[in-house]
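One letter stands for each residue in the lines below.
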Amino acid sequence: MTNHDGCLPIFANLFGSDSEEEQEESTCVPQECHPCCHGVDQVPGLYIWKGWLTEEEQDSLLDGIACDGWLAHGLNQAMHFGADLPHFLHDVLQKFPTTMLPSKVASREPLFNQMIINRYNPGDGIRPHVDLMRFEVLLEGGDLLVLGGSARWDWHHEIKGVFEEAYNEKRVVRGVRTSITLRRMKEGIVLTEAA
């Protein structure tokens with residue numbers, strides 16, 4: 001993740017900006033939410049819950065994505081907009097730890113109304129937009145990453161496009177990775193297809 005000043009106007013139009021709701025920090029004391037949950041000191045509003053999903057839950061999500069054809073025909077990204085999120089997310093949303101969110105965000109109905117699925121093959125990455133202060137976080141299968149406040153609005157992230165790398169003297173070999181991003185779009189946003 002790298003720090004930057006402000007957010008892109010298009011994202012502010014879709015998801016809001018540094019509103020009072022988004023700037024409020026979570027009242028979560030990470031170790032009190034769960035022993036596996038911890039904050040990242042360098043970035044206020046960034047929380048990681050190691051092993052949040054079990055292997056069975058991860059398999060169920062991947063099966064749902066495959067059975068519903070979200071990434072069929074070689075697609076590596078799919079999006080859904082609207083409160084009627086796909087059925088395979090139901091159990092995940094039921095167990096989502098709203099205590100990790102600011103109270104105004106945690107009380108929203110629906111909590112999320114956008115889903116993005118990304119599939120990364122070995123060697124795929126996401127290029128950084130800004131090259132300023134850096135730190136590394138290792139996310140493994142089943143980990144939950146929550147971004148809010150400064151972590152959401154003031155930082156960019158990247159995934160190095162490599163087949164393997166070292167993290168804390170540990171060799172990490174990349175396999176196929178699938179991420180699911182859940183967000184809440186601003187009220188009144190209407191998306192139309194480009195002609």
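Refer to the structure printed above.
These numbers come from a predicted model, not from an experiment. (Residues numbered from 1 in each chain as written. Predicted model: local features only at pLDDT ≥ 70, side-chain atom pairs only at ≥ 80, totals over all residues. Heavy atoms only, no water.)

Draft legend 1. A look at the overall build of the chain. Per the secondary structure count, the chain includes 7 helices and 10 strands. Taken over 195 residues, the chain has a buried fraction of 35%. Residue pairs in contact within the chain that sit at least 24 positions apart in sequence constitute 79% of those at least 6 positions apart. Counting every atom, the chain has about 11900 Å² of accessible surface; 52% of that belongs to carbon and sulfur. (Helix = DSSP H or I, 4+ residues; strand = E, 2+ residues; numbered from the N terminus. Buried < 20%, exposed > 50% of the residue type's maximum accessible area, 1.4 Å probe, protein only. Contact = heavy atoms within 4.5 Å. Areas by Shrake-Rupley, 256 points an atom, 1.4 Å probe, with all protein chains shown as cover.)

Draft legend 2. Looking closely at a negative patch on the surface. On the surface, a cluster of negative charge is contributed by Glu55, Glu56, Asp59 and Asp63. Following the sequence through the fold, Glu56 ends up in helix H4 (residues 55–67). (Patch = residues over 30% accessible without salt bridge, like charges linked within 9 Å, V, L, I, M, F, W, Y side chains within 5 Å. Salt bridge = Lys/Arg side-chain N within 4 Å of Asp/Glu carboxyl O. Lys, Arg positive; Asp, Glu negative; His and termini not counted. Charge placed at Lys NZ, Arg CZ, Asp CG, Glu CD.)

Draft legend 3. Seen up close, the nonpolar core. Within the largest apolar cluster, 24 residues are counted, with the highest numbers of intra-cluster contacts made by Phe88, Phe96 and Met115. Among the secondary structure elements, those contributing two or more residues to this core are strand S3 (46–49), H4, strand S5 (114–120) and strand S6 (144–147). Once you skip the residues sitting within four places of it in the chain, Phe96 turns out to touch Trp52, Leu101, Leu111, Phe112, Leu144 and Val146. Within the second largest apolar cluster, 7 residues are counted, among which are Val40, Ile48, Phe135 and Ala151. (Core = buried A, V, L, I, M, F, W, Y, C linked by side-chain atoms within 4.5 Å.)

Draft legend 4. Layout of the sheet that holds S5. Taken in spatial order, the 3 strands of this open sheet run S4-S5-S10, and their pairing is antiparallel. Only two strands of the sheet have a single neighbouring strand rather than two, namely strand S4 (77–81) and strand S10 (177–183). Each strand of the sheet is rotated relative to its neighbour by a mean of 10°, with strand direction disregarded. Two elements, S4 and S5, share 5 bridges in a ladder whose sense is antiparallel. Each bridged residue has a counterpart across the sheet, and for Ala78 the counterpart in S5 is Ile117. (Pairing = 2+ DSSP bridges. Axes fitted to C-alpha atoms, helices over the stretch in contact; angles between N-to-C directions.)

Draft legend 5. Representation of the packing of aromatic side chains. If you walk through the whole model with that rule in mind, you get 3 aromatic pairs. Both rings, one in Trp70 and one in Phe88, keep their centres 6.5 Å apart while their planes meet at 80°; by these two values the pair is edge-to-face. Placement of the pair is Trp70 in the loop between H4 and S4 and Phe88 in the loop between S4 and helix H5 (90–95), with a sequence separation of 18 residues. Residue class for Trp70 comes out buried when judged on its relative accessible area of 18%. The interplanar angle of 85° and the centroid separation of 5.3 Å between the aromatic rings of Phe96 and Phe112 together place this pair among those described as edge-to-face. (Phe/Tyr/Trp six-rings, centres within 6.5 Å; stacked < 30°, edge-to-face > 60°.)

Draft legend 6. Fine view of the pairing of S5. Among the 7 residues that make up S5, 6 are buried, leaving the element largely enclosed by the rest of the structure. Sheet topology places S5 next to S10; 7 bridges connect them, and they run antiparallel. From the neighbouring strand, Gln114 faces S10, where its bridge partner is Arg183.

Draft legend 7. Main features of the pattern of salt bridges. Here the structure, examined in full by the defined rule, presents 7 salt bridges. For Glu57, the salt bridge identified is with Lys95, shortest N-O distance 3.1 Å. In this pair, Glu57 sits in helix H4 while Lys95 sits in helix H5, placing the two residues 38 residues apart along the sequence. With a closest N to O distance of 3.2 Å, Glu140 and Lys170 form a salt bridge. Remark: Lys170 occurs in strand S9 (residues 170–173) and Glu140 occurs in the loop between S5 and S6; sequence separation between them is 30 residues. Lys170 sits in the partly exposed class, given a relative accessible area of 42%.

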